[in-house]
Amino acid sequence: MESMAAGKPGIRVAALCGSLRKGSYNKALLRYAMEITKDELDGIEIDYVDISSLPMLDTDLEVDGKYPTVVEAFRRRILAADSILFASPEYNYSVTGVLKNAIDWASRPPNVWANKAAAIVSVAGSLGGARAQYHYRQIGVYLDLHFINKPEFFLNAFQPPAKFDSDGNLIDPASQERMKAVLLALQAFTLRLRGCNFNPSTISEFPRQINKLSEDGHVLTPFIEGNLAQRFNTSSQSKLGITSEAYGWYDLETCNNERNVLSRFQDMHFRLKDKRYTPNARERVYKFALVASWVFFLIVFMLDYRVKSAEDVCCKRNVFGRSLDLWVAYN
């Protein structure tokens with residue numbers, strides 16, 4: 001494991017636990033993760049962020065665009081991290097209130113979760129917290145928080161063999177190896193989002209990223225200094241924290257060019273000089289011709305049916321008349 005992690009740039013991981021219990025097994029997972037990153041895995045630094053002191057989300061606490069001191073400090077630590085590691089139990093088939101509260105506080109503008117890699121591990125009964133994990137992933141979609149897909153870590157703490165000792169330490173070898181795999185995957189994904197080993201063919205918005213790379217990768221965390229409660233500028237220059245003038249110029253120029261090309265195409269193919277033959281007029285003619293053809297076929301069908309009915313009546317009348325004549329002649 002150590003050889004796999006060696007040589008990779010370092011990342012800073014903010015670790016959050018969804019349980020406040022002192023003997024929480026999920027805290028034990030984070031504690032084990034911090035131990036192995038110091039002793040066995042290089043290039044990963046884990047910062048445990050305590051969320052127990054955060055007040056319940058109340059926008060009335062936002063005074064003059066500023067957050068409470070404890071919230072501001074929490075948001076700064078999330079912003080300074082390269083990626084996030086969540087450890088949470090499952091409450092009533094879903095997320096825990098304390099962790100959801102922390103997520104909501106950090107999502108207030110500007111959203112400090114955005115464009116970060118994340119991993120989720122859980123210890124619970126039954127399915128090991130799987131249902132809660134999927135809800136966290138759904139929340140991450142809206143927050144632009146990118147969870148690793150594999151490996152997944154669900155742990156049922158109540159099935160043999162024992163997963164934790166009496167002091168709450170993770171002792172199961174299989175679970176320890178799985179935790180290492182999660183951390184290595186998180187490290188690799190974080191470096192990938194930062195632009196290390198950049199491959200232009202895999203990026204759909206490559207023109208937007210030109211001249212925005214360095215050896216350290218993308219700078220995706222704006223507002224390192226100053227008030228975090230300040231809102232993002234609504235212009236395109238503030239996307240992903242990029243403040244380059246060329247970035248906004250490229251967007252505006254591209255939109256204008258695309259609009260001009262589309263306009264010329266429409267003028268050439270759809271707007272004829274005679275306004276009576278505009279696309280709308282032609283469409284009305286097509287609809288009228290379609291309706292007229294259906295009416296014509298309906299009239300033909302009805303006429304044909306009436307003619308056949310008249311012929312049948314005439315034939316019956318002739319036969320009946322002849323039968324009377326034959327009866328008279330016979331008598």
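Conventions used here
Residues numbered from 1 in each chain as written. Predicted model: local features only at pLDDT ≥ 70, side-chain atom pairs only at ≥ 80, totals over all residues. Heavy atoms only, no water. Helix = DSSP H or I, 4+ residues; strand = E, 2+ residues; numbered from the N terminus. Phe/Tyr/Trp six-rings, centres within 6.5 Å; stacked < 30°, edge-to-face > 60°. Buried < 20%, exposed > 50% of the residue type's maximum accessible area, 1.4 Å probe, protein only. Lys NZ or Arg CZ within 6 Å of the ring centre and 35° of its normal. Expected span 1.5 Å × (residues − 1). Arc of directions from axis to C-beta. Contact = heavy atoms within 4.5 Å. UniProt positions renumbered as here; feature names shortened; annotations may be inferred. Core = buried A, V, L, I, M, F, W, Y, C linked by side-chain atoms within 4.5 Å. Axes fitted to C-alpha atoms, helices over the stretch in contact; angles between N-to-C directions. Parallel < 35°, antiparallel > 145°, perpendicular 65-115°, else oblique. Left-handed = near helix turned anticlockwise from the far one by under 90°. Nonpolar A, V, L, I, M, F, W, Y, C, P; charged D, E, K, R; others polar. Salt bridge = Lys/Arg side-chain N within 4 Å of Asp/Glu carboxyl O.

Digging into unusual backbone geometry
Piece 1. Cis geometry marks the peptide bond from proline 109 to proline 110, where omega comes out at -5°.
Piece 2. In this fold, proline 110 is placed in the loop between helix H4 (97–107) and strand E4 (116–124).
Piece 3. Its identity as a non-glycine residue notwithstanding, tyrosine 93 has a phi of 70°, on the positive side.
Piece 4. Along the polypeptide, tyrosine 93 turns up in the loop between strand E3 (83–87) and H4.
Piece 5. Phi is positive for serine 126, close to 55°, though the residue is something other than glycine.

Here we look at the packing of aromatic side chains
Centre-to-centre distance and the angle between the planes together describe a pair of aromatic rings.
Piece 1. Taken as a whole and assessed by the stated rule, the structure comprises 7 aromatic pairs.
Piece 2. Ring geometry for phenylalanine 86 against tryptophan 113: centres 5.8 Å apart, planes inclined by 45°, an arrangement best described as tilted. Separated by 27 residues along the polypeptide, phenylalanine 86 in strand E3 and tryptophan 113 in the loop between H4 and E4 bring together distant segments of the chain.
Piece 3. Overall, the relative accessible area of 1% leaves phenylalanine 86 in the buried class.
Piece 4. Arginine 131 extends its terminal NZ or CZ atom over the ring of tyrosine 93, reaching a point 3.8 Å from the ring centre.

Re the environment of proline 109
Piece 1. Mapping proline 109 onto the fold places it in the loop between H4 and E4.
Piece 2. Judged by relative accessible area, which is 25%, proline 109 ranks as partly exposed.
Piece 3. When the C-alpha atoms of proline 109 and glycine 65 are compared, they prove to be 9.7 Å apart, with 44 residues separating the residues in sequence.

Some remarks on helix H5 (residues 130–143)
Piece 1. Between its first and last C-alpha, H5 extends 20 Å over 14 residues, near the 20 Å set by a 1.5 Å rise per residue.
Piece 2. For H5, the complete set of buried residues consists of Ala130, Ala132, Gln133, Tyr136, Arg137, Gly140 and Leu143. Along the long axis of H5, the arc covered by the buried residues comes to 150°, so they all point the same way. Relative to its buried face, H5 has exposed residues pointing more than 90 degrees away, namely Gln138, Val141 and Tyr142.
Piece 3. Residues of H5 that are buried sit in contact with H4, E4, strand E5 (145–147) and strand E6 (153–156).
Piece 4. One or two positions beyond H5, positive phi appears at aspartate 144, with a value near 60°.

Describing the UniProt feature "transmembrane region" (unreviewed entry) in the protein chain
Piece 1. Per the UniProt entry, the sites bearing "transmembrane region" (unreviewed entry) are residues 285–303 in this numbering.
Piece 2. Helix and strand shares over residues 285–303 are 100% and 0% respectively, and the end C-alpha atoms of the span are 27 Å apart.

Things to note about the nonpolar core
The nonpolar side chains of soluble globular proteins are, as a tendency, buried together.
Piece 1. Counting residues in hydrophobic clusters, the biggest one holds 32 residues, and the most contacted among them are Leu85, Met179 and Leu183.
Piece 2. Examining the composition of this core, we find that 7 residues originate from one element, helix H6 (residues 173–194), more than from any other.
Piece 3. Membership of the second largest hydrophobic core comes to 28 residues, among which are Leu54, Ile78, Trp105 and Phe147.

Focus on the packing of helix H2 (residues 25–39) against H6
Piece 1. Contact geometry for H2 and H6: axes closest at 10 Å, N-to-C directions at 70°. Taken together, the axes of H2 and H6 lie roughly perpendicular to each other. Two packed elements cross with a definite hand, and for H2 against H6 that hand is right-handed. Residues Leu29, Tyr32, Ala33, Ile36 and Thr37 of H2 form the contact with H6, whose participating residues are Gln176, Met179, Lys180 and Leu183.
Piece 2. Taken together, the residues of the contact of H2 with H6 sort by class into 6 nonpolar, 2 polar and 1 charged.

Structural notes on the pattern of salt bridges
Pairing is possible between side chains of opposite charge, provided their charged atoms come close.
Piece 1. A complete count under the given rule lists 9 salt bridges for this structure.
Piece 2. Two residues, arginine 77 and aspartate 47, come together in a salt bridge whose shortest N-O distance is 2.7 Å. Here the residue arginine 77 occupies a position in helix H3 (residues 69–80), and aspartate 47 occupies one in strand E2 (residues 44–48), the gap between them amounting to 30 residues.
Piece 3. Arginine 77 gets classed as partly exposed once you look at its relative accessible area, which sits at 34%.
Piece 4. Looking at aspartate 47, the relative accessible area reads 13%, which means it is buried.
Piece 5. Close ionic contact of lysine 100 with aspartate 104 constitutes a salt bridge, the shortest N to O distance being 2.8 Å.

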